[in-house]
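# Per-entry structural report
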Amino acid sequence: MKLKTLLSAGVALAAAAWASPGTAATANGPICDTAAYVNSTTYYNCTGSSHTALDVGNSSCGEWNHRGMLVGNYYYYYYGGCAAACYGSTCNGGAGNYYVVSGANGWDFRQLHFYANVSSGTKTCDRCALGLVGGTGSATGPHSHSDNRQYGTRKSAWYTSVGTTCGTNAYCNNRLGVPTL
Amino acid sequence: MGSRMNKAPGLRLSLRLSLWLSLLPGLALAQGAPVAAPTQTACTVEGMLDEVRVAMKTGSPAYRKYARLRLKEAAIALPPEALGRAVSQERDPAVLEAVGAALATKASNAQKPELLQPLLSRASQDVDPGLRAAAVRALQGSPSVEFMAKNGDVVTYEQLVRDSAPEVRQAVVENLVTESAGIYFGHNPELAEAAVKVAAASDDPAVAKRLLGEVSMEAASPEAVRKLTQQLRSEDAGLRAAAAKALGGVPGSESAGARRSLTSLYKSDSDLAVRKSALEGLARLGQSGARPLLESLRGVDPRLDPEIDAWLSALKRNLQEWHLILREKQRLSP
């Protein structure tokens, strides 16, 4: 009887692991400036503590458009309310002004630390301007943070699988990852 | 020396193979057939459309796809006026679909829904049904419901689904299904509402069934749920069944009313498929909490008692996601 229960649980777990339908999207760089580079991936500055996300910067603040990274139309839900900042602020739990694209089965894709402008707000669009590159929330300098999570846990395969690492050029026509949604 | 001896049989084999292949008439013709080589095109809307036109007429499926995608991606940097003019003047459906999709990308990227007006005019007013359908298909993958609303709802899917041409109605369904799943992942109340309205406006039960069956209702508003519930009284059994399944996916705030409607449907409808769909809707609404209600429905239609048993067994597993429960139930009773 115990064996039967164990087998049933095993089958259910295997089904749960296998049945995690998600769609592979494509994420390009967030800034249409050739001076934009990836400067943190799985670890802060590539050698520091755990990060599991991409940070991209072009050494500017409140100047360049911070674009939706996903290629194709997606629904970007905006969480705003943070005053303009380039070197950090305590706002929205450290995320600053940010957007979330909610996919299926707990998957999401987030872009953080926006410097809000007239473009900022919930919208459906294809690589449109969502605000400016800034440093609202937990940020030591202006940059774009992007992560891909399932049920709140950050994943790294979306950028490691396409070879994105520190120093990768993050111009808006360059593919940085294939997040699951 | 040994190496040369090893190569010789392989060389002979490849010579023989070449000889045989050259004798095959189809391949010999293919070798001599003229191939349309891609030519250099100017980076203007007109130049790129010439390329799309050639690709659509003589290109392979892969080249056609490439030419369409290239135009769509280039549209972000192309002048919207030229794209709009091309959409207004194009007479070839395949090219209209490609340039229309490019215009939709431009409108979305620039956040200017008004750019879509020439495409919406073609979709609603062109005399050629093939061109109307192409214009509707060009909107696929764009936030078309939102953009139609921002253009004052002058053209809506409710109008387009009444088009006399089946290909236009088909394109409407494809757009809504794609938009719900691909852009919003089922989380959008406007899409759910649009699907219910379009299903109600359609005279074609197949269209309505597909919409209710495939557009997610997880964010449906109370008004959309009310309209969906009305479809349970449709004369078409297939439509009643699709509405019953769709009611299973409404938000938690609407679940009590949906549960009552589905229970009543199960008890009163004489169609077996409709009753089966009502059971599925009830199982989805309550998941493991639906077991007492499903138990109480035993005996209403003895032919469906095995179906109730299958649901009870699947729900007993306490699986946490609907697609897992559904798969388990299908494994027990397809």
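Shown above is the structure to which this text applies.
Residues numbered from 1 in each chain as written. Chains lettered and ligands numbered in written order. Predicted model: local features only at pLDDT ≥ 70, side-chain atom pairs only at ≥ 80, totals over all residues. Heavy atoms only, no water.

## A look at helix α15 (residues 237–247) of chain B
All names here are of chain B. Within α15, eight of the eleven residues are buried, leaving the element largely enclosed by the surrounding structure. Buried residues of α15: Leu239, Arg240, Ala241, Ala242, Ala243, Ala244, Ala246 and Leu247, and no others. Contacts from the buried residues of α15 go to α13 (205–214), α14 (222–230), α16 (255–268) and α17 (272–286). A distance of 3.0 Å separates the backbone nitrogen of Gly238 from a side-chain oxygen at the start of α15, and that oxygen is part of Asp236. (Buried < 20%, exposed > 50% of the residue type's maximum accessible area, 1.4 Å probe, protein only. Helix = DSSP H or I, 4+ residues; strand = E, 2+ residues; numbered from the N terminus. Contact = heavy atoms within 4.5 Å. Polar contact = N/O pair within 3.5 Å; in protein donor to acceptor, adjacent residues only side chain to side chain.)

## Let's talk about the pattern of salt bridges
Close approach of charged atoms allows side chains with opposite charge to pair. Residues and elements named next belong to chain A. The tally for this structure, following the rule as stated, stands at 27 salt bridges over all chains. When the shortest N-O distance is used, the salt bridge between Asp108 and Arg149 registers 2.9 Å. Within this pair, whereas Asp108 is found in strand β7 (residues 107–114), its partner Arg149 is found in strand β10 (residues 144–150), the two being separated by 41 residues in sequence. Residue class for Asp108 comes out buried when judged on its relative accessible area of 9%. Of the residues examined, Arg149 reaches a relative accessible area of 18% and is grouped as buried. (Salt bridge = Lys/Arg side-chain N within 4 Å of Asp/Glu carboxyl O.)

## A few points about the packing of aromatic side chains
Think of a pair of aromatic rings as described by two things: how far the centres are apart, and how the planes are tilted against each other in angle. Residue and element names in this part refer to chain A. In the structure shown here, the tally under the stated rule is eleven aromatic pairs over all chains. Aromatic side chains Tyr78 and Tyr99 sit 4.8 Å apart centroid to centroid with 40° between the ring planes, which places their arrangement in the tilted category. Here the residue Tyr78 occupies a position in strand β5 (residues 74–79), and Tyr99 occupies one in strand β6 (residues 97–102), the gap between them amounting to 21 residues. Owing to a relative accessible area of 1%, Tyr99 belongs among the buried residues under this scheme. When the centroid spacing of 5.4 Å and the interplanar angle of 90° are considered together, the rings of Phe109 and Trp158 count as edge-to-face. Taken together, the residues Phe109 in strand β7 and Trp158 in helix α2 (residues 157–160) connect sequence positions 49 residues apart. Owing to a relative accessible area of 1%, Phe109 belongs among the buried residues under this scheme. Trp158 sits in the buried class, given a relative accessible area of 3%. (Phe/Tyr/Trp six-rings, centres within 6.5 Å; stacked < 30°, edge-to-face > 60°.)

Nothing here speaks to function; it is all geometry.
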